[in-house]
Structures are given as structure tokens and as C-alpha cells.
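Observations on the model geometry
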Amino acid sequence: MLQPELDQEDLLRRITNRIRQSLELQEILNATVAEVRSLLATDRVMVYRFNASGGGQVIAESVNTNRLPALNGLNFPADDIPEQARKLYLTERLRSIVDVSGGLIGLSPLDPSETDDRSTPQPIHYRPVDACHVKYLRAMGVQSSMVLPIVHYDIQAQRSQKRLWGLLVSHHVTPRTISQRELQIVQSVVDQVSIAIAQSNLLSQTRQQHQIEATINRVSTLLHSLPTIQLQAALQETVSALSSWGGRLYIAPDRLNPRAECLICGRQPTFGDSPRTIEEHPGFVQWVTGDRTVETANGSSESTSTPVGCQPLIVNDLDQVSELASLAPAFDGTPIRGWLVIPLYYRSSFLGYLSIFRSQVVQEILWAGEFNPNEEQRSPRESFEQWREVKRNQAQPWTNYDIELAIALGHHFAMAIEQYKLYAQVQALNSNLECQVAERTAKLQQSLEQGRALQRVTNQIRSTLDLKTTLQTIVREVRQLLNTDRVIIYRFTDDFHGQVIVESMTGEWLSLLDIDDPQQYFSKAQIQVYKRGNLGVIKDVTQARLTPDQQEFLKRCQVQAALIVPIGLENPQANEIPIVLDSIPCPRWEQPLWGFLIAQECKARRDWLPSEIKLLKKLADQAAVAIQQAELFTHTQAQAQQLASAFHHLKQTQAQLIQTEKMSSLGQLIAGVAHEINNPVNFIYGNLVYTSQYAQDLLNIIHSYQKYHPQPEPEIIELLDLIDLDFLEGDFPKLLESMKMGSERIRKLVLSLRNFSRLDQSEKKLVDIHEGIESTLLILQYRLKAKPNHPGIQVIKNYGELPLVECYPSQLNQVFMNVLSNAIDALEYGNPDNQRITISTSAKSKTVENLDYLNDTTQIEKNQGSSPTHIIIQIADSGSGISPEIQSQIFDPFFTTKPIGKGTGLGLSISYQIIVEKHGGIFKCSSPPGEGTGFWIEIPIRQSQSEDK
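The notes below deal with the structure included here. (Residues numbered from 1 in each chain as written. Predicted model: local features only at pLDDT ≥ 70, side-chain atom pairs only at ≥ 80, totals over all residues. Heavy atoms only, no water.)

1. Structural notes on a negative patch on the surface
Put simply, the rule reads: Candidate patch residues must exceed 30% relative accessible area and have no salt bridge, after which like charges are joined if within 9 Å and Val, Leu, Ile, Met, Phe, Trp or Tyr side chains if within 5 Å. Residue exposure ignores everything except the shown protein chains as possible cover, and the areas themselves are Shrake-Rupley values with a 1.4 Å probe. When a carboxyl oxygen of Asp or Glu is within 4 Å of a side-chain nitrogen of Lys or Arg, the pair counts as a salt bridge. Counting rule applied: Lys, Arg positive; Asp, Glu negative; His and chain ends not counted. Charge positions come from single atoms, namely NZ of Lys, CZ of Arg, CG of Asp or CD of Glu. Labels follow the DSSP assignment, with helices taken as runs of H or I lasting at least four residues and strands as runs of E lasting at least two, numbered in each case from the N terminus. Relative accessible area decides the class of each residue, using a 1.4 Å probe on protein chains only: under 20% of the type maximum gives buried, over 50% gives exposed, and in between gives partly exposed.
On the surface, Glu 713, Glu 715, Glu 718, Asp 721, Asp 724 and Asp 726 cluster together into a negatively charged patch. Considering each element in turn, the negative patch owes the most residues, three residues, to helix H14 (residues 714-723). Within the secondary structure, Glu 713 sits in the loop between helix H13 (610-708) and H14. Residue class for Glu 713 comes out exposed when judged on its relative accessible area of 52%.

2. Structural notes on the side chain of Ser 108
Let me state the cut-off plainly: Two N or O atoms form a polar contact when they lie within 3.5 Å of each other; inside protein one atom must be a possible hydrogen donor and the other a possible acceptor, and for residues adjacent in sequence the pair counts only when both atoms belong to side chains.
Assignment of secondary structure puts Ser 108 in strand S5 (residues 104-108). A polar side-chain atom of Ser 108 sits 3.0 Å from the main-chain carbonyl oxygen of Pro 123.

3. Comments concerning unusual backbone geometry
Of note, Arg 347 is a non-glycine position whose phi angle comes to about 55°, a positive value. By relative accessible area, Arg 347 is classed as exposed at 69%. Positive phi outside glycine occurs at Gln 558, with the angle close to 65°. Tracing the chain through its elements places Gln 558 in the loop between helix H12 (548-556) and strand S21 (561-568).

4. Observations regarding the pattern of salt bridges
Under the criterion given, the structure shown has 23 salt bridges. The salt bridge partner of Arg 44 is Glu 61, with a shortest N-O separation of 3.0 Å. One end of the pair, Arg 44, is in strand S1 (residues 44-50); the other, Glu 61, is in strand S2 (residues 56-63), with 17 residues separating them in the sequence. Accessibility expressed as a relative area gives 1% for Arg 44, which makes it buried. Across the pair Asp 825 and Arg 783 runs a salt bridge, and its minimum N-O distance is 2.5 Å. Pair noted here: Asp 825 is in helix H18 (residues 809-829) and Arg 783 is in helix H17 (residues 781-784), with a separation of 42 residues, a long-range link. With relative accessibility at 14%, the residue Asp 825 sits in the buried group. You can call Arg 783 buried: its relative accessible area is 15%. Each of the salt bridges in this network shares a partner with another, and the network as a whole consists of Asp 485, Glu 601, Lys 603, Arg 606 and Glu 612.

Structure below.
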């Protein structure tokens, strides 16, 4: 019993920690149902939350969908849990356990005095369960059920108030007994959930208050930012903050302003062609000044004759307020159903009304099973399959949050309107003086802004060599300074065609980016004029001397006026006086033409000022400088890239030559040693057969002597005792067998050395990959054996069935030697425990692009009807791995992490070239932290496959 109790305590501790770590209720509930279902091992655990009508919704669920359908998000009607049962859940905190097959229900009320003591399990009293309850659970497919109420205590109330918040429900499709201990621990979990609900409510209230304050701050900023009181923007912000359809700000007339003002946002009620506003309608005046029925936030109504300035006017549903019947025609044809009116007063002075309209909505509810919501359910539903109910034309009631926010914003609107009126008076007195100052400073300001724009463009050219950034800065500055609709830079792609490469525009005009020059938009004659440095000024497209195609193209581009300045790549010597296209003078010199800087007016025709033309000419000159610098930088960058590429190629060639010479010398040395060892070993191995035969013949002769001369001479007897003939006879064949085994091992070693060097196989050959691996392992056998201060290294081989592979065998053996040597080095410097190297091979019929986890054995993939095309060799060690910071450098030439004198940094670099470049394969490394290092080697079975790629 100790372990289950520990698991239960662990569950409670985990949920408690989760509640402390998070204030997000949904996250806590999701963790709770998952942990409780894990503890009880049931098919479903869910949290059911009640609503104001008595019904509820499943808001969190953990379910075995193979045994029960999911109910998360579905609603249940109030009839499913009768009001009497809800009262018992709240007053007595009744817990229930139903055994459907046994026909019993266990009830365990939780006495308030017992809520503080969980040391003693609460008793469970069983009685027959109601047949309707059994039918309900069977329809859900449930045989065992446990329900615990979740009670919420309002800790902010003056007196402790509690309400039934929801239920924690456990379902199982087979009979299951719930112990008192399990009920006790789940009750503890429910108590923790109640605490989490209280914390979440506090958080929601805090966030709501913060949201109100933030909205008030935003609106207040718009309303109280003199001299630009933004009433319209503040009205739009208010409508948005209250999630409404539209709004009105009615400013009543006064002595200085005899006409009322009305700002609107969104759809509005209207009286046809009548100019009368709804605030001036007699029905509205009677409603706001006389006795009326006012709806509260919870939907109830009450009659009041309180003065209008003391409270807002709340209408949740216009169809339900009889006093507004005369205003109904104004709302016909609109979806408006809710109306909130805030009278605006400042120091008892009436200023107007703030009205917010809310539209009708379509409400969709997902029910657990189809039922008639207008009739009382007298028998359980036979199905709980999801049913969608759609309610149209539903009114959205105003919440306490909406009303509180609207009242606070109305107060700020009242102050702003008062400020607005005072400011309007002051502004009228100063308007003449401001106009005079504006006229006198306009030219100075314009000159200053142009100078600053030129300085910004110059600084941009000096700070970056990125041509696109500089050109984008130019078009942006020109558009802002000229206050025009669109500014573009047009670049020629050949002598007479081009396209727009950068653009800056305001409004929703057509973008000209990447639009090709249609049918030589610029004629040859016009281009010649621009090459001479002349400018093009088009005040009105319809009056300019343009071809019909040019007229049609400019019309499609929404251009009505344009200013065109050529961009040349040499110092311009253009005429400072701009020309109009329909009066082209005869040129006297030309310059290379890169493109145009063009300002376009789309709204209407425009008379371009001389200062504007001069500014555009200067910026075009700056653009020419930027282009020259960028082209020079691009050319220099290309040369630097070529030098870097040549240096990298030289470095690779040097590394390859060093490694090739090293391996060639090593191969020749191994081949020579193998040859020298092979000759005497062959002599010894070949004569062992004869030696064995001769020894047997001599023993046969001795046996014959013993048979026919059983009484030898004393001297022979003494000699037989001295040499111990019986021992010699038994041990001599064993000696010969040991010599034979030693000779065979030497021959295998010689063969492995020859296979590794493969000096006779410098070209592509069909070879057995496993033979090359075994030869390499045999050569490295002395490093795998145990040493005094280091255990032996275990080699685990997971060989698959491989065909003969077309490859360069000596180079491939070189790769095996490099990878295995590095693995042994890693294990020698690492943890002496659990030292192993895993080698796996497989064949497959498709190329793998992503690197698999290298410590797992790759299974042979054989697609039906296809033969293998690639082989995979995986070599992984159990060392400490490679740090992520240097993993990207391990294939770089001369990079090594070994001590000085222990490595050259060429092994993996050459191996990468052999696998990827020589064999057209894949060579990758994976080294998860603390899990060793693995290498993935993949090459095609036939090199023709690699060459065809």
C-alpha cells in the first residue's frame, strides 16, 4: 500500500506546484485532468463548468479516445443536472460514485468541519442508483462514474460567499471500484483547483482593471493632447474598446456655436432624407428627460425618474423598450440591437451625448447530443454525439465592464469637449497671426528641409554601399519633401527598355514595381533628349505631347502629372532650366543614361515649382554617385570572392596532397611489410603439414617397436623415462596445431594489411565493404585491447546484407581508418566505463536527406519491386561527444582538437572529400551533448548512379 500512497501524494504535489507556477487557469485544469486520469487509470477525466442558466460546458478533458468520444468544448443543458442535485453539491459538497453494473451509487458528503482535516478518509454510503441516472450513463458508454463538486469562494466579498463553480468527473467504460483513499486524494486535488480558480479570478479582475486603465489612457491621450484634440480618433478607439458596431459623439449647440456637431463612426441610424439627428428627435428627448425603463447590466429592467446626468442609458435590446418605438424607423435596415447612451456634463453644464451601438450576432452552441432546448427533458438522451445549435439575431448585453468603461470615457469626453470649445476660441483669435508667420517661414522651412534631405541622402551614401538602400532613401525623401503621390526610380535594361526598381508612394495607388517598359514607352527621340541632360516636366498628362500608347499607359498607372530627371553615370552638365516634353530643343552633347528619377502626381494635375525641380535634379546627381560607388564595390567584391575561392581551392589541394602522400607512403610500407612477413610465414605454414605427417610416422614406428620388442634394452628404458614418451606423444600434435593456428593468424594479418593498402586497386572495383571494415579493425586490434589503466573497447557490429559495391577500396579503407581512429582517441580520453564502438551497415533503395540518430541500427529498406541503390555505414562511439560550437568545423582542413603532435587535422577533411566528391555520397556527423559521436556514411552501390545525379 505504500507505493500507491506515494503516487497519490506525488500527484497532489505536482498539481500544487503547477498551481504555484502558473496563474493561467486553463493550463492548470489541463494538467489536473491529465494527472488525475493517470492516477486513477480511468478512460476519461474532465472538468465541467456551470453557467448562469444552470447548464454547463466541458472546459478541460483527458480521454482515451479509443474507448470514449471526446466531450471537450461541448455544452450540456440544465436538465442534465437537476437543481436539487446542484444544491446538494453546493451545500453539502456531495461526492458521488456510480457503479452502473451493480446498480449502486455511493454518496459521501463533505462536512465543513472536515474540510480542514484530510488525514481520515470520508465514509462512502451506497444505495440503489436511480434508473434514469443509469440510462444516462449507459448512453454515454460509461460503467463507472465519480463526481466531485468544485466550489468557488469569493475572497473579495465582505462576507464569505460560495457558489458551485463546476464538477470534476471521472468515467470508465468498465466497472471500477473507487477507494476511500482515492476519493480523499482527488478531493485534495479539487481543493487545490478551487484555490487556483480564486487566483485566476483575481488575475482576471486585475487584467480587466488594467485594460480599462489602458483604454482610458489611450483615449485620454487623444482627447487631451492640445492643440490637436482628436475627437474622431477617440470615438473610434472607444467603439473598438467596447467591441461595438458604431458610435456617435453629439456636441450640443451653445452661445458661441449655435449649430450642433455630430461625429460618427460605423453604421448609424437615420431618418431617411431628414436632416434631424436622432438626439434631436422628440422621442429621444422624451426618453432621456422623462420617466423611463432602464435596463441593468444583468438584463433586468427598472423604472426611474433620476436626472439624466446621473446615470447612463442602457438598452440591451431595442425591440424590448417600448419608449423607443418612435425611433424604430431610424434603426430599420441596420443590425443595431444594443444602445448605450452616456450624457456628457461638465460642472453641471450639458455638453452632449456619447452613444455606442452594438449589433445583433449569430450565436452557435455545440451541444452534447441533440435535444429541444424549449422543452423540459423527461428522459435521458440516447446519443451524446455533437449537435450544433444556431441562434440568429441575438442581442449582446452590456456587461458591467462595458458600462464602467463607458462612464469613465464619457467623463474624459466631457472634459475634452469643454477644452475643445475653449481652444477653438483661442485658435480663432490666433489664426490670422499664425497664417502670417506660416507664410513667412514657409520658404525658409522648405529650404531647410531640402538641405536636410540632401544631407540625409549624402550620409546614406557614405554609410553604406548597398545601392537598394540608398535608392530607397532617395525616393522616400523626395516623396515627403514634394508631398507627391508616388516617386520611382526607373532603370534601363537595354538601350530603350527598362523597369521600376524602387518606389515610394502614399495612398492606395497602383504599384509600378517590376512593371516592364511597354512598347518602348520612352521613344528614341525622347531618350536622346534626356541623354543631353534635359529634364521632363509634365504638368497635365492629357495636354502633353505623348503618343497614344504613352497616354494609355500613364492613364492605367493613374498618373496625371510627372517630373522626370535623368540619372547619368558621369558628372552631368545638363541645362539647369527644365523643359517640357512637347518643346524639345536641339542637343549639343550626350552622356550615358542609367535611368530616371520620376515624381508622379496621381490625384490631379500639378504645376511643378522651380525649387522642386532643382531639388529633384540634385538628388538625381546624388543617385548617380551612389550607383557608381555601388558598382565599384560590387566589382571589388567579385574580385575578392574569386581570390578567396582560389585560396580555398589551393588550401584543399595542399591538404589533399599531404594526406595522399601520407597514405601512399603508409600503403607502400604496409604492402612491403606484408610481403616480407608473407614469405617466411608461407614457408612455415606449408611445411607444418609435412612436419605433422613425419611426426606421426615416427610415432607409428615407435609403436611398432613397442609391439614387436616389448622388452627394450636398459639404456632405451632409461631414455624413455627421461623424455616421458607418453606425454610427448600426447603433447606433440597439440604443439603442431598451435603452430598451425599461429601461422594462420599471421596469414590473416598479412591479408588484412594487403586489403587495407590495396595498392593494386587504385581504380574503381567491386568490393565487399565488410571485408574492408574487418581489415581496418584487425589493424587497430592492439588499440582495442585492455591496458593496465584502461579497459578494453567493445566493438558491436550490426551488419546488414550488402551487395558488392563499386568504389575506390583503398580510399574507402582510409575513411574507415580515420573515423575508427578518432573514435578510439575519443574513448581513450573519456570515461573508462561503458566504452564501445557500434558499426552498422544497411542497404536501401532511396537516398535519405535527413540524418537519423546514429546510435540506432538502421534497418534494411527494400521497397517492393525495387533493388537497393545505396549503402549506409554508421559508426558511433560512446564518448563525451563534440561540443556544438565546433561541430561545424570538424570537416575543415587542419582543424583538430587533439593536443599538439597528436593530430594533423586532415583526416576528416580528406574523408569528406573521398565520400562526397569522389564517391558522390553523404558524410555527416551527429553529436548530441553527452551521447557520443556518430558518423553517417552513404554511397551509391554503383558509381554511375552518382555520376548521373
